[in-house]
Amino acid sequence: MRILGREDVRTALADLDSTVIDLVRNAYVLHSQGKSDLPFSTFLRPLHRSDSRIIALPAYLGGPAPVMGLKWISSFPENVNRGMQRASSLCILNDLESGYPLALMEGSQISAVRTAAGAALASGLLNAGREVRTIGLVGCGTINNQVVHFLTQVHEGLETILLQDAFPERAKVFAEELAAEYPGIEFKAVTLGQALSADTVSIATTDSSYWLDLADHPNRPDGQVILHLSLRDLSVASVLGAANVTDDADHAIREQTSLHKAEQQAGHRRFVTAEIGALLDGTAELPAARTVVFAPFGLGVLDLAVAEAVLNLAEKRGLGTEVDGFDPGSHKVTSNLAGSAA
C-alpha cells in the first residue's frame with residue numbers, strides 16, 4: 001500500500017491544479033448518470049462535544065477509470081481557537097478486483113480543493129455567462145482560500161473580493177495575504193452587508209445556527225449566486241425564497257442542513273430546483289431566479305476522483321512510501337475447513 005503524507009499530497013495537487021475542476025465535473029456527471037454507488041455518510045459525534053463530528057463517506061465511482069474507497073473526515077471547530085486546522089481527513093483507496101487497500105493519504109487538502117473546485121464550477125455554470133466582477137467571502141478560512149484560487153480561474157474579469165469574518169481582524173489579515181498572491185485583484189475587509197452585495201458570494205463558516213437571513217440584506221444584485229458551502233448558515237426562509245441547486249438531494253437534505261430544515265418546515269422538497277450533475281449533462285434547465293443557492297453536501301465520489309488522480313501521479317513521480325503488511329497474507333485452507341460437512 002502506498003502512503004501519501006501531507007507534503008506528498010500537496011506536491012501532487014500542485015501538478016494537478018489545472019485538471020481538478022474537470023475531475024469534479026466528470027464525477028458529478030457520472031453520478032448523475034447513475035454510474036456510482038454512494039451510501040449515506042455516517043456521522044460520529046463525541047458525547048462531550050456536540051459541535052464536533054467525524055464523518056465516514058464510502059463511495060464507488062464508475063466510468064472509464066473506476067475508483068472505490070472511503071473518506072474519513074473530522075470537523076472540530078474548537079481547533080481554530082487553539083491555532084489548529086478545524087478539519088482533518090484521510091482517504092483510503094481500494095483495489096476493485098481484490099478489495100485490498102491500495103493507498104492511504106492525507107485527505108484534508110483533497111477535501112478543500114474539491115470543495116472549492118466544485119464551488120467554482122457551480123459559479124461558472126449558474127452565472128450562465130454573466131460577467132462576475134465582485135466576489136463576497138463570508139468566513140476567512142481554508143475553504144474560502146481555495147475558493148478564491150479556483151474562482152479566479154473561472155471568472156477572468158474578477159476585480160474585487162470582499163471579505164467578512166466573525167473576527168474582523170482575521171478578514172484584514174486574510175485580505176492582505178490574498179492581495180500579495182493575486183496582485184491584479186482588490187481585496188477589502190468589509191461588513192456582512194457589503195460582502196453580501198457581491199455578484200457571487202461564498203459562505204464557508206464553522207457556524208451551524210442558521211443565523212443568516214438573506215431578507216435582511218435587500219441590496220443584493222439580481223441573479224446573485226450564493227455558494228452555501230457550510231450548509232447550515234442560511235435560514236429556512238432564505239432557502240425557501242431562493243432557487244436551490246445541490247449535488248444530491250437525498251444526501252444534502254438530511255443531518256439538519258439548512259435544506260433539511262426547509263424540508264421539515266415546508267413538508268416537501270420542491271424548493272430544490274435541480275442537481276448540478278443534471279445541469280451539467282443537460283437533463284435539467286438552469287434556474288431563472290433572483291437568487292440561486294448552491295448547497296453541495298460534498299459527495300465522496302469527488303474526493304475519490306481527485307484522490308485517484310493524486311495516487312496515479314504519485315506512482316509516476318515516486319511520491320510517498322510503499323509499505324508492506326496491509327494485506328491479509330497468503331490464502332491458506334486447513335484440512336478441517338476444506339473437508340466435507342458430511
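Rules used in this analysis
Residues numbered from 1 in each chain as written. Predicted model: local features only at pLDDT ≥ 70, side-chain atom pairs only at ≥ 80, totals over all residues. Heavy atoms only, no water. Phe/Tyr/Trp six-rings, centres within 6.5 Å; stacked < 30°, edge-to-face > 60°. Helix = DSSP H or I, 4+ residues; strand = E, 2+ residues; numbered from the N terminus. Buried < 20%, exposed > 50% of the residue type's maximum accessible area, 1.4 Å probe, protein only. Domains from an automatic or database assignment. Contact = heavy atoms within 4.5 Å. Buried area = accessible area lost by both parts, 1.4 Å probe. Salt bridge = Lys/Arg side-chain N within 4 Å of Asp/Glu carboxyl O. Polar contact = N/O pair within 3.5 Å; in protein donor to acceptor, adjacent residues only side chain to side chain. Pairing = 2+ DSSP bridges. Axes fitted to C-alpha atoms, helices over the stretch in contact; angles between N-to-C directions. Expected span 1.5 Å × (residues − 1).

In the annotation of an unreviewed UniProt entry, the entry for the protein chain reads Ornithine cyclodeaminase, and the organism field reads Kitasatospora griseola.

## Remarks on the packing of aromatic side chains
Enumeration according to the criterion identifies two aromatic pairs in this entry. When the centroid spacing of 6.4 Å and the interplanar angle of 55° are considered together, the rings of Phe-43 and Phe-297 count as tilted. Residue Phe-43 is located in strand 3 (residues 42-44), and its partner Phe-297 is located in the loop between strand 15 (291-294) and helix 11 (300-317); the two are separated by 254 residues in the primary sequence. Taken individually, Phe-43 and Phe-297 each receive the classification buried, so the pair is uniform in this respect. Between Tyr-182 and Phe-187, the aromatic rings sit 6.2 Å apart at their centres with planes inclined by 45°, giving tilted as the arrangement. Its relative accessible area of 12% is what places Tyr-182 among the buried residues. Note on Phe-187: relative accessible area 11%, which makes it buried.

## Some points on the domain arrangement of the protein chain
Taken domain by domain, the protein chain holds domain 1 (2-110 + 300-326) and domain 2 (128-295). The straight-line distance from the C-alpha centre of domain 1 to that of domain 2 is 24 Å. At the interface, 20 residues of domain 1 touch 20 residues of domain 2. Together domain 1 and domain 2 conceal approximately 1,700 Å² of surface at their shared face, both sides included; 56% is due to carbon and sulfur atoms. Inspection of the region where domain 1 meets domain 2 yields one salt bridge. Put simply, Arg-45 and Glu-255 hold a salt bridge, and the shortest N to O gap is 3.4 Å. One can count nine residue pairs in polar contact (both at pLDDT 80 or more) joining domain 1 with domain 2.

## So, the environment of Asn-127
With respect to the element layout, Asn-127 can be found in the loop between helix 3 (108-126) and strand 8 (134-138). Residue Asn-127 is classed as buried on the basis of its relative accessible area of 3%. Ignoring anything within four residues of it in the chain, the contact list for Asn-127 reads Ala-122, Val-132, His-155, Thr-200, Gly-223 and Val-225. At a separation of 2.8 Å, a polar atom in the side chain of Asn-127 contacts the main-chain carbonyl oxygen of Ser-123.

## Comments concerning the sheet that holds strand 14 (residues 272-275)
Here we have eight strands laid out as an open sheet, ordered 10-9-8-11-12-15-13-14, and parallel in their pairing. Whereas interior strands pair on both sides, the edge strands pair on one side only; in this sheet they are strand 10 (186-189) and strand 14. Geometrically, the sheet is characterised by an average inter-axis angle of 20° between neighbouring strands, direction not taken into account. Looking at chain direction, strand 8 and strand 11 (residues 200-203) are connected through four bridges and run parallel. By the bridge assignment for strand 11, Leu-137 is matched with Ser-202.

## Brief notes about helix 11
In this model helix 11 runs 26 Å from its N-terminal to its C-terminal C-alpha over 18 residues, within 8% of the 26 Å that 1.5 Å per residue would give. The element helix 11 is extensively covered by neighbouring structure, given that 14 of its 18 residues are classed as buried. Backbone geometry just after helix 11 places Gly-318 at a positive phi near 70°.

## Here we look at the pairing of strand 9 (residues 160-164)
Burial runs high along strand 9: five of the five residues are buried. Both faces of strand 9 are covered, namely the face carrying Thr-160, Leu-162 and Gln-164 and the face carrying Ile-161 and Leu-163. Looking at chain direction, strand 8 and strand 9 are connected through five bridges and run parallel. What sits directly across from Leu-137, in strand 9, is Leu-163. Bridging between strand 9 and strand 10 involves four bridges; their strand directions are parallel. Directly across from Thr-160, in strand 10, lies its bridge partner Glu-186.

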